[in-house]
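Results of the structural survey
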Amino acid sequence: MSETLMFPKLFDPIKIRNVEIKNRIVFLPHATVYPDQKFMHTIRETYYYEERAKGGAGLIVLPSQVVQPSGVFPGLGIGYSKENIDNYKRTNAKVHAQGAKMFVQLTHMGNQTKSVETFQPTLAPSNIPDLTVGEIPHQMSIEDIKEMIKAFADCAELLMTADFDGVEVKVGHDGILGQFVSLLKNKREDEYGGNTFNRARVVLEILEAIRERIGDVPLGVRLGINRYLEGDYGVDEAVEYAKIFSKVADYISTDTGTWESIDMLVPSMNIPQGFLLEDVNKIKKATGKIVIGNGRIVWPATAEEALEKGYLDMVGMARAQIADPYWAKKAYENRPDEIRGCIGCNQKCMGRLLLNLPISCVQNPTSGNEEEYGEDILYKKAEMKQKIVVVGGGPAGMKASEIFARRGHEVVLFEKENTLGGRVNWESRIPGRRGVSGVSRYLIHMLEKLENVDIRLGVEADVDTIINEKPDIVIIATGAIPTSTQERYLNPLDVLNNGVEGNNVIIFDNDSTTEGMGLVEWMLKNDKNVYWVTPGFFNGQNITAPILIDYFKRIGGNPKLHLKPMSVLTHIEGKEAGLFNIYYNLPDKIENIDDVVVAGVKIANDSLYTSLKSRLDEVYIIGDAAAPRDIASALQDAVGLIKRIPKI
């Protein structure tokens, strides 16, 4: 490493109260669904946070530990349970061994849990439901509020026995305290509602109660600084809240959005990087306190510039360090080009979270699976060097080549086109999907850097080509071929390469993903009259909510868009298309159709694998060549090879 740091501000130590943190990089709290069904902190969480500590993060904040049984939620931990203390201690010991500090965040889910989880009515400042949940809560009495304040303090005191370095109170995108400060969710007329200070009162009283219990220990607030909802508060009100909380809190960590504005809670690849920093700066100026700022910060240069400008004191990132746990280490060692950047797709982080499934990452399939596939395991040097031939330079083939080259093997990568990337190259041309090019950016950079990878572009390898290489192992990653199912229908590549001549177009969206929705947006941008047909219960069914909302904000309300969910295309006769609603058993028809585009249908290109498997002992097939799916599955298949291939 060069003696001169590229990002010196990022690596200045900082003190929060009595705790010194080695750098300005914070792994922000975020739900993982790694706790078990009894809300216990698990070994999976230990490996997850240890990996980010190994990767150089200075501060890690454990998310949303619930303070009362009335506030539990599936996938969160219960901070009030003494049975969890040893589990927390295990994680803290691992994190501390890597030189990082760990704070714990406290919450109560209020109207965003359900009584089926709590065995009692849900609680909230007013009897107003969260629209994404729909259950009407019980309005808390003064006695309920006082009990909750005590529960926060009790929980903080208990958790300090688990070796946490600090405490954070969540007043953010979810949880009951965010509901108290909300203009829409708090309609109380007593001392806990009605004006800015009264809405903030319960948080201030919680902070005071916690301070009395924990003494000279860092205490902060995660504060939503813009709810992004009509009629709710924005940054100006957030500034006033921050000033009130700063009377007790040592720092403010910014947050944004709500479940009802989820597209701004986890902004997509189409939201500018660093979009929140100007508002973060307003919090910093108003309070003078330490501010942990966020807002889709992906690259060290953005973080360094924000620190240089004084917008914030510490840089908060969740998805960026899910995608690359070693973000901090690579920045410190002046290797920013080697960072596996978050592409903002939200597919396996938010997409899985919203199904109450353990989160992971498209870019980093090892995320959440560190015990089996962590960096030390995935890139472990091989005991015996082998020659590996990879056919296909799409995401699966590139990832497999990167893994095995970094393990020390000799890798030959054949790609029939003149550029690497495979399906990434065309998928990133679809409206709303430009960010997926980040998958290729990282892998191409790594492959070009690795001296033991021989990349052969413009070569369509056949059986003889491969056998002549005398490989020990062959990996087939030849992808899949988009198909239109009938000769007169078009496929996505036809559209992207040649356009569509007709004005009235059916998009038959077979799998209700971003491929189909992106093509719909392409048609509308080209002033086509679009009939969006899908067998899904609703159009875009398999797109995670933040991305779906992002798309509909651009295309919703367009008079040339016609939605046809729950339907399949049965036939075309002349210019008439026949549809059938598969759930209602009802026929339908569309007239004056010029073109039909089929999305989400591909044929595995597996003929080379079929020819080779009887000729060579060790032949493996991955990605779309094995089963046409998506980029996430292609990358995950490549990672899975370290378990499938003996003695690799």
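See the structure printed just above.
Now for a quick tour of the structure. (Residues numbered from 1 in each chain as written. Predicted model: local features only at pLDDT ≥ 70, side-chain atom pairs only at ≥ 80, totals over all residues. Heavy atoms only, no water.)

1. Some points on the overall build of the chain
Scanning the chain for helices and strands turns up 24 helices and 26 strands. Taking 648 residues into account, the globule formula puts the C-alpha radius of gyration at 26 Å, and the chain, at 26 Å, falls close to it. Along the first, second and third principal axes, the C-alpha atoms of the chain reach 75 × 65 × 45 Å. Restricting the contact set of the chain to residue pairs at least 6 apart, pairs at least 24 apart contribute 72%. For the chain, the accessible area works out to roughly 25,100 Å², and carbon and sulfur atoms hold 48% of it. Positive and negative side-chain charges of the chain, numbering 74 and 87 respectively, have mean locations separated by a distance of 2 Å. (Helix = DSSP H or I, 4+ residues; strand = E, 2+ residues; numbered from the N terminus. Rg over C-alpha atoms; globule rule 2.2 N^0.38 Å. Contact = heavy atoms within 4.5 Å. Areas by Shrake-Rupley, 256 points an atom, 1.4 Å probe, with all protein chains shown as cover. Lys, Arg positive; Asp, Glu negative; His and termini not counted. Charge placed at Lys NZ, Arg CZ, Asp CG, Glu CD.)

2. Describing the sheet that holds strand β23 (residues 586-590)
Each strand in a sheet pairs with its neighbour through backbone hydrogen bonds, running either in the same direction (parallel) or in the opposite one (antiparallel). Overall, antiparallel pairing links the 3 strands, which are arranged β21-β22-β23 in an open sheet. At either margin of the open sheet sits one strand with a lone partner, and together these are β21 (567-573) and β23. The sheet shows a mean angle of 25° between the axes of neighbouring strands, taken without regard to direction. Across 6 bridges, the pairing between β21 and strand β22 (residues 576-581) is antiparallel. Opposite E573, over in β22, you have E576 as the bridge partner. (Pairing = 2+ DSSP bridges. Axes fitted to C-alpha atoms, helices over the stretch in contact; angles between N-to-C directions.)

3. Examining helix α9 (residues 277-287)
For α9, the complete set of buried residues consists of L277, D279, V280, N281, I283, K284 and T287. Once α9 ends, the next one or two residues include G288, with phi positive near 70°. (Buried < 20%, exposed > 50% of the residue type's maximum accessible area, 1.4 Å probe, protein only.)

4. Focus: the side chain of K170
Position of K170 relative to the elements: it lies in strand β8 (residues 166-171). Since its relative accessible area comes to 5%, K170 is described here as buried. Among the polar contacts made by the side chain of K170, one reaches the side chain of S64 at a distance of 3.1 Å. At a separation of 2.6 Å, a polar atom in the side chain of K170 contacts the side chain of D174. Here K170 is in contact with S64, Q105, L106, T107, L177 and R222, once residues within four sequence places are set aside. (Polar contact = N/O pair within 3.5 Å; in protein donor to acceptor, adjacent residues only side chain to side chain.)

5. Points about the nonpolar core
Counting residues in each nonpolar core, the largest one holds 96 residues, and the members touching the most others are L106, L177, V202, I210, L223 and F245. The element that contributes the greatest number of residues to this core is helix α4 (residues 142-159), accounting for 10 residues. Among the nonpolar cores identified, the runner-up in size contains 42 residues, and M269, Y373, V411 and V424 belong to it. (Core = buried A, V, L, I, M, F, W, Y, C linked by side-chain atoms within 4.5 Å.)

6. What to know about the sheet that holds strand β24 (residues 595-599)
Strand order in the open sheet formed by 4 strands is β20-β19-β18-β24, and the pairing between neighbours is parallel. Edge positions in the sheet fall to β20 (561-564) and β24, since each has one partner strand and no second. Sheet twist, expressed as the average angle between the axes of neighbouring strands with direction ignored, equals 20°. Note that strand β18 (residues 504-509) and strand β19 (residues 529-533) share 5 bridges and pair parallel. Bridging from a neighbouring strand, I506 pairs with Y531 of β19. Contacts between helix α21 (residues 514-525) and the sheet are confined to β18, β19, β20 and β24, with β18 contributing the most and set at about 170° to the helix.

7. Let's talk about the pairing of strand β12 (residues 314-317)
Of the two faces of β12, the one lined by M314 and G316 and the one lined by V315 and M317 are each fully buried. Where strand β3 (residues 25-27) and β12 come together, 3 bridges link them in parallel fashion. Bridge assignment links F27 to a residue of β12, and that residue is M317. Regarding the hand of the β-α-β motif, the stretch spanning strand β11 (residues 290-293), helix α10 (residues 300-308) and β12 is right-handed. (Right-handed = clockwise from strand over helix to strand, strands pointing away.)

8. Considerations on the packing of helix α1 (residues 43-54) against helix α2 (residues 85-97)
Across the interface, α1 lies against α2 with an axial gap of 8 Å and an inter-helix angle of 15°. In this view, α1 runs roughly parallel relative to α2, as classed from their interaxial angle. The way α1 lies across α2 gives a crossing that is right-handed. Counted together, I43, E45, T46, Y49, E50 and A53 of α1 and R90, T91, K94 and V95 of α2 form the full contact between these two elements. When grouped by side-chain class, the residues that make up the contact of α1 with α2 number 4 nonpolar, 2 polar and 4 charged. (Parallel < 35°, antiparallel > 145°, perpendicular 65-115°, else oblique. Left-handed = near helix turned anticlockwise from the far one by under 90°. Nonpolar A, V, L, I, M, F, W, Y, C, P; charged D, E, K, R; others polar.)

9. Side note on unusual backbone geometry
Despite not being glycine, R17 has its phi angle at roughly 55°, a positive value. With respect to the helices and strands, the residue R17 is situated in the loop between β1 (14-16) and β2 (19-21). Judged by its relative accessible area of 38%, R17 falls in the partly exposed class. In this structure, N356 takes a positive phi of about 55° despite not being glycine.

10. Thoughts on α4
Between its terminal C-alpha atoms α4 stretches 26 Å, which fits the 26 Å expected from 18 residues at 1.5 Å a residue. Within the span of α4, buried status applies to I145, M148, I149, A151, F152, A153, C155, A156, L158 and L159. Structurally, α4 contributes buried residues whose contacts are with β4 (59-66), α2, β5 (101-107), β8, α5 (176-181) and α6 (196-214). (Expected span 1.5 Å × (residues − 1).)

11. Focus on the packing of aromatic side chains
Overall, the coordinates contain 12 aromatic pairs when judged by the stated rule. Note on Y241 and F245: the rings are 6.1 Å apart at their centroids and 5° apart in plane angle, and the pair reads as stacked. Separated by 4 residues within a single helix, Y241 and F245 lie in helix α7 (residues 235-245), roughly one turn from each other. Overall, F245 belongs to the buried group, its relative accessible area being 0%. Among the aromatic residues, those joined into a cluster by ring pairs are F27, Y34, Y48 and Y49. (Phe/Tyr/Trp six-rings, centres within 6.5 Å; stacked < 30°, edge-to-face > 60°.)

12. Quick notes on a negative patch on the surface
A contiguous patch of negative charge on the surface is contributed by E417, E460, D462 and D464. The topology assignment puts E417 in the loop between β14 (410-415) and α17 (423-427). (Patch = residues over 30% accessible without salt bridge, like charges linked within 9 Å, V, L, I, M, F, W, Y side chains within 5 Å. Salt bridge = Lys/Arg side-chain N within 4 Å of Asp/Glu carboxyl O.)

These values are about where atoms sit, not about what they do.
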